[in-house]
Amino acid sequence: MSKVILYKGEIFNYGFPGHVLTKERYKLFWSKISDRSLLKNDNLILKDSKPVPIDILKLFHTEEHINFVKRKSEEGYGLLDYGDTPAFKGVFEVSLHTVGATLDAALSLLNNEADFAFNPAGGFHHATRDRSAGFCVFNDIGVTFEYLFKQKLVNKIYYVDIDAHHGDGVYYSFESDPRVYIFDIHESGYFLYPGTGFEWEKGKEEAVGTKVNVPLKPGAGDHDLLKAIDEAYEFGLKIEPDIIFMQAGTDGLAGDPITHLMYTFEGHKKAVEKIKKLAQGTCGKLVVLGGGGYNIYNLSEAWANIVEVLLG
C-alpha cells in the first residue's frame, strides 16, 4: 500500500458565512472517512496545515493583492472580488494555511516522505496574481508552482483539473510557460463561470502544445469524463513530469447546485484512479486537491473515495 499524507487543522476553517462554500463540507468529510475506518490506516499520515510565509506567497501574488486581503480580513466585511468571494474576520490567515498545505504536500513528496498527498482545502484555481475570484482568495497551485521552479526542485509539472469550472487562474498565469503542462476538463465556458477554457486554447509562445482544454456540454457524464481522462493519461506519459497535481473538484457530480454535469461517484473515482496510475508509471508523486463541490454530501463521499484510492 502507498503512504498518503492527508492535511487537516486550520484549513478546515476555509469557508464563507451563508455561502455555498461552507466549512460544513470538512466536518462531513471527516465523519465519512472516520466511519470507513480510513483514519486507522497505518499508511495514512495526518498533518496539520501551516501558513505559507509571505515571501513565498509573493512569488505568485502581488503585494497589493496580499495587502488588500489582509485589510479586508481585519475589517471582516465586504467583498474580495466582484461579488463571489466575501471577506470575513480571519480570511487572510486561514487562506495562508490553504496555500501552505499544498506547498507542504509537494515538498513532502519530493522529499520522499510519501507517495501521494491530499489537501481537501486546496485547488483554488480561479485566483489570479492580482485578485481573488470565484471563492478563491489565494491560488495555492500557482504559489506552489512558482516556488518549486524558483528552488529548481522540478523541471516539468503536469496539472490535471477535473473541476466543473475551468481553472483560469492557473491556466492564464502559466499559459506561456512551457514547464507547466495543463489538461483541464470542465463544463464549457459558454454555459458556466468563468467563461473560459476553449479547445483552441493550447498555450502561447514557447508553450504552444503544452496545454489542453476539454470543454463539455451541460449534461455530460462519466463517458465524457473518462474519455477525456484517457487522453490526459496519454498526454502525461509523453511529458514525463517530475510531479503531478490533480484538482479533483467534485462539482461535476450530478446534483451539484451550481453546475450542470452528470458524473457519478464511480466515474469521478475512476478519473482519480487513472491519474494515480499515471503517477505510478512516471514520477511516483501525486498531489490531489479538493477543489470545488457545493453538494456537501456528494463532496464528502467523493473525497472519502479519493483517500481510499490513494491508499490503494
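Residues numbered from 1 in each chain as written. Predicted model: local features only at pLDDT ≥ 70, side-chain atom pairs only at ≥ 80, totals over all residues. Heavy atoms only, no water.

Student: Hey, could you run me through the packing of helix α1 (residues 24-35) against helix α9 (residues 296-311) in this one?
Tutor: Geometrically, a packed helix pair is captured by the angle between its two axes and the distance between the axes. For the pair α1 and α9, interaxial distance at closest approach is 8 Å and the crossing angle is 45°. Here α9 runs oblique to α1, going by the angle between their axes. The two elements α1 and α9 meet at a crossing, and its hand is right-handed. Residue-level inspection shows Glu-24, Arg-25, Tyr-26, Leu-28, Phe-29, Lys-32 and Ile-33 of α1 in contact with α9, the latter providing Ile-296, Tyr-297, Leu-299, Ser-300, Glu-301, Trp-303, Ala-304 and Val-307. Taken together, the residues that form the contact of α1 with α9 break down as 10 nonpolar, one polar and four charged. (Axes fitted to C-alpha atoms, helices over the stretch in contact; angles between N-to-C directions. Helix = DSSP H or I, 4+ residues; strand = E, 2+ residues; numbered from the N terminus. Parallel < 35°, antiparallel > 145°, perpendicular 65-115°, else oblique. Left-handed = near helix turned anticlockwise from the far one by under 90°. Contact = heavy atoms within 4.5 Å. Nonpolar A, V, L, I, M, F, W, Y, C, P; charged D, E, K, R; others polar.)

Student: Got a minute to help me understand the pairing of strand β4 (residues 157-161) in this structure?
Tutor: Counting buried residues in β4 gives five out of five residues, a clear majority hidden from the surface. Taking every second residue as pointing to the same face, both faces of β4 are buried, with Ile-157, Tyr-159 and Asp-161 on one and Tyr-158 and Val-160 on the other. Strand direction decides the pairing type here: β4 and strand β5 (residues 180-187), joined by five bridges, are parallel. Across the sheet, residue Asp-161 finds its bridge partner in β5, namely Asp-184. Bridge count between β4 and strand β7 (residues 243-247): five bridges; the pairing is parallel. Opposite Asp-161, over in β7, you have Gln-247 as the bridge partner. (Buried < 20%, exposed > 50% of the residue type's maximum accessible area, 1.4 Å probe, protein only. Pairing = 2+ DSSP bridges.)

Student: Explanation requested: the packing of helix α8 (residues 265-281) against α9 in the structure shown.
Tutor: Across the interface, α8 lies against α9 with an axial gap of 10 Å and an inter-helix angle of 30°. Considering how the two elements wind past one another, α8 and α9 form a crossing that is right-handed. Contacts between α8 and α9 involve Phe-265, His-268, Lys-269, Val-272, Glu-273 and Lys-276 on the former and, on the latter, Asn-298, Glu-301, Ala-302, Asn-305, Ile-306, Glu-308, Val-309, Leu-310 and Leu-311. Looking at the contact of α8 with α9 residue by residue, the classes come out as seven nonpolar, three polar and five charged.

Student: Just to check I follow, could you spell out unusual backbone geometry for this structure?
Tutor: Trans peptide bonds make up most of the peptide bonds, and negative phi angles are found at most residues other than glycine. Note the cis peptide between Tyr-193 and Pro-194, where omega equals 5°. Position of Pro-194 relative to the elements: it lies in the loop between β5 and β6 (211-216). Despite not being glycine, Lys-152 shows a phi value in the positive range, around 55°. Here Lys-152 lies in the loop between α5 (140-150) and β4. With a phi angle near 55°, Glu-240 is a residue other than glycine that sits in the positive phi range. One can find Glu-240 in the loop between α7 (222-239) and β7.

Student: What's the story with the packing of aromatic side chains in this structure? I'm lost.
Tutor: Both the distance between ring centres and the angle between the ring planes are used here to describe each pair of aromatic rings. A full pass over the atoms with the stated rule returns 22 aromatic pairs. Considering the side-chain rings of Phe-29 and Phe-118, the 6.0 Å spacing of their centres and the 85° angle between planes classify their relative orientation as edge-to-face. Of the two residues, Phe-29 sits in helix α1 while Phe-118 sits in strand β3 (residues 116-119), which places them 89 residues apart along the sequence. With relative accessibility at 1%, the residue Phe-118 sits in the buried group. One aromatic cluster is present, built from ring pairs that chain together Phe-12, Tyr-26, Phe-29, Trp-30, Phe-118 and Trp-303. Here the guanidinium or amino end of Arg-179 rests over the ring plane of Phe-149, the centre of that ring lying 3.8 Å away. (Phe/Tyr/Trp six-rings, centres within 6.5 Å; stacked < 30°, edge-to-face > 60°. Lys NZ or Arg CZ within 6 Å of the ring centre and 35° of its normal.)

Student: Sorry, what's going on with helix α4 (residues 91-110) here?
Tutor: Counting along an α-helix, one turn takes 3.6 residues, and residues three or four places apart therefore face a common direction. Given a rise of 1.5 Å per residue, 20 residues ought to cover 28 Å, and the 29 Å separating the end C-alpha atoms of α4 matches this to within 8%. Of all 20 residues making up α4, 16 are buried, and the element is well covered by its neighbours. (Expected span 1.5 Å × (residues − 1).)

Student: How should I be thinking about α9 in this particular structure?
Tutor: Across its 16 residues, α9 extends 22 Å between first and last C-alpha, which sits within 8% of the 22 Å expected from 1.5 Å per residue. Burial analysis of α9 places 13 of its 16 residues in the buried class, the great majority of the element. Of the residues flanking the start of α9, the one acting as N-cap is Asn-295, its side-chain oxygen 3.1 Å from the backbone nitrogen of Tyr-297. Among the residues trailing α9, Gly-312 stands out with phi positive, at a value near 80°. (Polar contact = N/O pair within 3.5 Å; in protein donor to acceptor, adjacent residues only side chain to side chain.)

Student: Help me understand the sheet that holds β7, please; the structure alone is not making it clear to me.
Tutor: In a beta sheet, neighbouring strands are held together by backbone hydrogen bonds and run either parallel or antiparallel to one another. Strands sit in the order β2-β1-β3-β8-β7-β4-β5-β6 across an open sheet of eight strands; the sheet is parallel. Unpaired on one side and paired on the other, β2 (44-48) and β6 mark the two borders of the sheet. In this sheet, adjacent strand axes meet at a mean angle of 15° when their direction is disregarded. Sheet strands in contact with α1 are β1 (4-8), β2 and β3, and its direction is about 140° off that of β1. Packed on one face of the sheet, α4 meets β1, β2, β3, β7 and β8 (286-289) and runs near 175° to β3.

Student: In this structure, what is going on with the side chain of Asp-163? I would like to understand it.
Tutor: Structurally, Asp-163 is set in the loop between β4 and α6 (168-171). No salt bridge is formed by the buried Asp-163. Its closest oppositely charged neighbour is Arg-25, at 7.4 Å. In this structure the side chain of Asp-163 is engaged in a polar contact, spanning 2.9 Å, whose partner is the backbone nitrogen of His-165. Leaving out residues up to four positions away in the same chain, Asp-163 has contacts with His-125, Ile-185, His-186, Gln-247, Gly-249, Asp-251, Gly-291 and Gly-292. (Lys, Arg positive; Asp, Glu negative; His and termini not counted. Salt bridge = Lys/Arg side-chain N within 4 Å of Asp/Glu carboxyl O.)

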